[in-house]
Amino acid sequence: EAQVTQNPRYLITVTGKKLTVTCSQNMNHEYMSWYRQDPGLGLRQIYYSMNVEVTDKGDVPEGYKVSRKEKRNFPLILESPSPNQTSLYFCASSLQGPDYGYTFGSGTRLTVV
Amino acid sequence: AQSVAQPEDQVNVAEGNPLTVKCTYSVSGNPYLFWYVQYPNRGLQFLLKYITGDNLVKGSYGFEAEFNKSQTSFHLKKPSALVSDSALYFCAVSPRGGSSASKIIFGSGTRLSIRP
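This section reports on the structure supplied with the text. (Residues numbered from 1 in each chain as written. Chains lettered and ligands numbered in written order. Predicted model: local features only at pLDDT ≥ 70, side-chain atom pairs only at ≥ 80, totals over all residues. Heavy atoms only, no water.)

Some thoughts on a nonpolar patch on the surface
Residues and elements named next belong to chain A. On the surface, Ile12, Val14 and Val113 cluster together into a nonpolar patch covering about 310 Å² of accessible area. Tracing the chain through its elements places Val14 in the loop between strand S2 (10–13) and strand S3 (19–25). The class of Val14 is partly exposed, set by a relative accessible area of 44%. (Patch = residues over 30% accessible without salt bridge, like charges linked within 9 Å, V, L, I, M, F, W, Y side chains within 5 Å. Areas by Shrake-Rupley, 256 points an atom, 1.4 Å probe, with all protein chains shown as cover. Salt bridge = Lys/Arg side-chain N within 4 Å of Asp/Glu carboxyl O. Helix = DSSP H or I, 4+ residues; strand = E, 2+ residues; numbered from the N terminus. Buried < 20%, exposed > 50% of the residue type's maximum accessible area, 1.4 Å probe, protein only.)

This is the structure in structure tokens:
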């Protein structure tokens, strides 16, 4: 089944403790992206990647890092999480860009205390 | 500034009645337009998109959307609502339609509630 797999689904952590949210897709998509969803704000793009070793900032990149060493994986790294990063995070992939339509993962609900 | 507006936070409709979820945008040029649906505890799912051509676009689950260039709107519609249509709906716009580097802008979402 074609899908985007995120892990974990739920995570509670403490301020400053580094964490990684994994994202993997099995559709050979070139484009991958991370979004955060907050009430009343819709989805805001954190980072995106147009291909292996090609990443760029989205609208809200501060406090986040990403890497794209392999085509299928696009992990999101929070080096020093803060409470304002408490949010619902989605990974998404697309054949060559968002104009082709996204496939989204099921989401990771992160709480930073 | 480029933006997408979903003016209603919530839309309530009785099962069997037609439904409309509104979306307007402020983007120059000829954007690509999308609707996504989010069911509880799930990621967003692609419903439909408009690129060019016929102003009425048909998508998944019996949904359709009407593009109106003069009103810069892209309203989502369904002739007969089902309880299972209850979900959060997002309108999205890609200002530089067709580019791999295009950025997509999401609206804030509209919660659709269908009562039996």
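Back to the write-up after that little detour.
Re the nonpolar core
Leu19, Trp35, Leu47, Leu48, Phe74, Leu76 and Tyr89 of chain B are the most contacted members of the largest nonpolar core, which totals 28 residues. Among the elements of the structure, strand S2 (10–14), strand S3 (19–21), strand S5 (32–38), strand S6 (44–50), strand S8 (64–68), strand S9 (73–78), strand S10 (87–94) and strand S12 (110–115) of chain B are those that each provide at least two residues to this core. Per-element accounting of this core gives the leading share, four residues, to S10 of chain B. Leu19, Val60, Tyr64 and Leu110 of chain A belong to the second-largest nonpolar core, a separate cluster that totals 19 residues. (Core = buried A, V, L, I, M, F, W, Y, C linked by side-chain atoms within 4.5 Å.)

Re the interface of chain B and chain A
Chain B puts 25 residues into the contact, and the matching count from chain A is 27 residues. Interface of chain B and chain A: buried area, both sides summed, is about 1700 Å²; carbon and sulfur atoms make up 52% of it. The interface formed by chain B and chain A contains zero salt bridges. Elements supplying a minimum of two residues to the side of chain B that touches chain A: S5, S6 and S10 of chain B. Counting residues per element, the side of chain B that touches chain A draws most heavily on S5 of chain B, at four residues. Among the residues making up the side of chain B that touches chain A, the classes are represented as ten nonpolar, eleven polar and four charged. (Contact = heavy atoms within 4.5 Å. Buried area = accessible area lost by both parts, 1.4 Å probe. Nonpolar A, V, L, I, M, F, W, Y, C, P; charged D, E, K, R; others polar.)

Here we look at the pairing of S5 of chain B
Side chains on a regular strand alternate between the two faces of the sheet. Residue and element names in this part refer to chain B. Burial of S5 is extensive: seven of the seven residues sit out of reach of the surface. Neither face of S5 is open: one carries Tyr32, Phe34, Tyr36 and Gln38, the other Leu33, Trp35 and Val37, and all of them are buried. Pairing of S5 with S10 involves seven bridges; the strand directions are antiparallel. When the sheet's bridge partners are listed, Trp35 is paired in S10 with Cys91. Two elements, S5 and S6, share six bridges in a ladder whose sense is antiparallel. If you follow Val37 over to S6, its bridge partner there is Gln45. The antiparallel pairing of S5 with S6 creates a hairpin that spans five residues between the two strands, and Asn41 there sits at a positive phi of about 60°. (Pairing = 2+ DSSP bridges.)

A short note on the state of the cysteines
Evaluation of the coordinates by the stated rule reveals two disulfides over all chains. The disulfide bridge from Cys23 of chain A ends at Cys91 of chain A, spanning 1.9 Å between sulfur atoms. Between Cys23 of chain A and Cys91 of chain A, the S-S dihedral sits near -70°, and the bridge is therefore left-handed. Linking Cys23 of chain A in strand S3 with Cys91 of chain A in strand S9 (residues 87–94), this pair joins segments that are 68 residues apart in sequence. Under the relative-accessibility criterion, Cys91 of chain A is labelled buried at 0%. In this model, Cys23 of chain B is linked to Cys91 of chain B through a disulfide, with the two sulfur atoms separated by 2.0 Å. Torsion about the S-S bond of the Cys23 of chain B and Cys91 of chain B cystine: about -65°, corresponding to left-handed handedness. Pair noted here: Cys23 of chain B is in the loop between S3 and strand S4 (24–26) and Cys91 of chain B is in strand S10, with a separation of 68 residues, a long-range link. A relative accessible area of 0% places Cys91 of chain B in the buried class. (Disulfide = S-S within 2.5 Å.)

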